[in-house]
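Each chain, letter by letter, is given below.
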Amino acid sequence: MTNRRQKSGKNKTIKRKIIILTVLIFILLALSAAAYTTNQYEKAREESIRLIEENNGKQSEEDIEFFGDDDVADYIHVLLVGVDNEDGGPARTDTIMVAQYQPKNGKAKLISLMRDSYVSIPGYRNNKINTAFFLGGPELLRKTIKENFDIDIHYYALVDFNGFTRVVDIISPNGIEVDIARRMFYEDTAGGLYINFEPGVQRLNGKEALQYVRFRNDRDNDFGRVRRQQEVLSILKDDLISLSGITRLPKLLGAVEPFITTNIQNSQFLDYGRNFFLNPIDSVETLTIPVEGTYVDSRNSHAGAILELNMEKNKQAIYEFLELEEVNAFNDGE
């Protein structure tokens, strides 16, 4: 009897040691993972800052206040702007998008606004929509989108084009695969831009992907460029939510942070990021404004080549695409 008790006591002691050892191993693994991700984040961030300083100097950090509903829980609208600061003057953009994200539903929609769309700009004469950003940055662009298309913008993110290159190389280190329908060639010796892609399936690194999404010198002009931008974002989304993409997330965040100016707070970003992985997005629905049959190509003396929009038809298309009535009803029902 005594031997049995002694054996039982020894077994319990061994079990306790195994449990304690297992817990310690998990703690050490967690600490190692945390140290690793922090290190990856800082290394990538420092490398991006070095690249910015080599090219144009430190990226400016604008403190811009947006007047939206910061408490939106079921959907958010984010203004995405691709920024070109290479000439040292006021920032310009040829990429203007509005993304709607429904974190609880795992749904995402993306509206591309053609840069030559002729719109009303608050406080200024009518002009192309990208002129609003040139004149007053994201705040004036937000007001312009609200006035013309009645979309409430809750957040913004300005992404330097060099940051896009880094994003592609980190999310898709082996490149992204695209099928090029026709030869794409453009050369600007003064601006140092050279684009040359042959038809067929090709794998593009970050620099080549940037050239691919910025090309507009074919019969499709800006509409083709917008389609390519939407295509590449969809590819990057798929790569990001893959297992290998998730492991590269800390490095990605560190790399792109110096290239991005945004009013999304870190805590908000983490909340939405958590939902992104808990409710993965199967596909990104896209819309291009103006929609087909709702505009005419035109030209005027102060803006040059423009797209004159039927505003009511385009606002209706946006309203239906974003399912605003359904989303608002969902919000009201909570």
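Coordinates for the structure precede this section.
All of these numbers come straight from a predicted model, not from anything done at the bench. (Residues numbered from 1 in each chain as written. Predicted model: local features only at pLDDT ≥ 70, side-chain atom pairs only at ≥ 80, totals over all residues. Heavy atoms only, no water.)

K.L.:
Please clarify how the packing of helix α3 (residues 161-171) against helix α5 (residues 221-240) should be interpreted in this entry.
P.N.:
In a pair of packed helices, the angle between the axes and the distance between the axes together describe the arrangement. Contact geometry for α3 and α5: axes closest at 10 Å, N-to-C directions at 40°. Of the possible angle classes, the one that applies to α3 and α5 is oblique. The interaxial crossing formed by α3 with α5 has left-handed handedness. For the pair α3 and α5, contact is made by Phe164, Val167, Val168 and Ile171 and by Val232, Leu236, Asp239 and Leu240, respectively. (Axes fitted to C-alpha atoms, helices over the stretch in contact; angles between N-to-C directions. Helix = DSSP H or I, 4+ residues; strand = E, 2+ residues; numbered from the N terminus. Parallel < 35°, antiparallel > 145°, perpendicular 65-115°, else oblique. Left-handed = near helix turned anticlockwise from the far one by under 90°. Contact = heavy atoms within 4.5 Å.)

K.L.:
I would appreciate a short explanation of the pattern of salt bridges in the present structure.
P.N.:
Close approach of charged atoms allows side chains of opposite charge to pair. With the rule as written, the count across this model stands at 12 salt bridges. With its nearest N and O atoms 3.0 Å apart, the salt bridge here joins Lys107 to Glu323. You can see Lys107 sitting in strand β3 (residues 107-113) and its partner Glu323 sitting in the loop between α9 (311-321) and α10 (324-332), a full 216 residues away along the chain. Between Lys143 and Glu139 there is a salt bridge whose closest N-O contact spans 3.7 Å. With Lys143 and Glu139 both in helix α2 (residues 129-149), this residue pair falls four residues apart, about one helical turn. Judged by relative accessible area, which is 39%, Lys143 ranks as partly exposed. A network of salt bridges, in which partner residues are shared, links Lys107, Lys109, Glu285 and Glu323. (Salt bridge = Lys/Arg side-chain N within 4 Å of Asp/Glu carboxyl O. Buried < 20%, exposed > 50% of the residue type's maximum accessible area, 1.4 Å probe, protein only.)

K.L.:
Could you clarify how one ought to interpret the sheet that holds strand β6 (residues 155-160) in this entry?
P.N.:
Note: strands within a sheet are paired through backbone hydrogen bonds, in either parallel or antiparallel orientation. What the six strands build is an open sheet, ordered β11-β6-β1-β2-β3-β12; its pairing is mixed. Looking at strand neighbours, the two that pair on one side only are β11 (260-262) and β12 (284-289), the edges of this open sheet. Within the sheet, the average angular offset between the axes of one strand and its neighbour, ignoring direction, is 20°. Where strand β1 (residues 76-84) and strand β2 (residues 92-102) come together, eight bridges link them in antiparallel fashion. In the strand pairing of β2, Val78 is matched with Ala99. In the packing of α9 onto the sheet, the strands contacted are β3 and β12, and the crossing angle to β12 comes to about 175°. (Pairing = 2+ DSSP bridges.)

K.L.:
Explanation requested: the nonpolar core in the structure shown.
P.N.:
A general tendency of soluble globular proteins is for nonpolar side chains to be buried together. Core analysis: the largest hydrophobic core is formed by 32 residues, its most contacted members being Leu79, Ile111, Leu113, Leu141, Ile145, Phe149 and Ile289. For this core, the secondary structure elements donating two or more residues are β1, β2, β3, α2, β6, β12, β14 (304-309) and α9. Counting residues per element, this core draws most heavily on α2, which supplies seven residues. Here Ile145 is in contact with Leu79, Val98, Leu113, Ile129, Asp150, Ile151 and Ile153, once residues within four sequence places are set aside. Counting residues in each nonpolar core, the second largest holds 21 residues, with Phe164, Val168, Ile176 and Val178 among its members. (Core = buried A, V, L, I, M, F, W, Y, C linked by side-chain atoms within 4.5 Å.)

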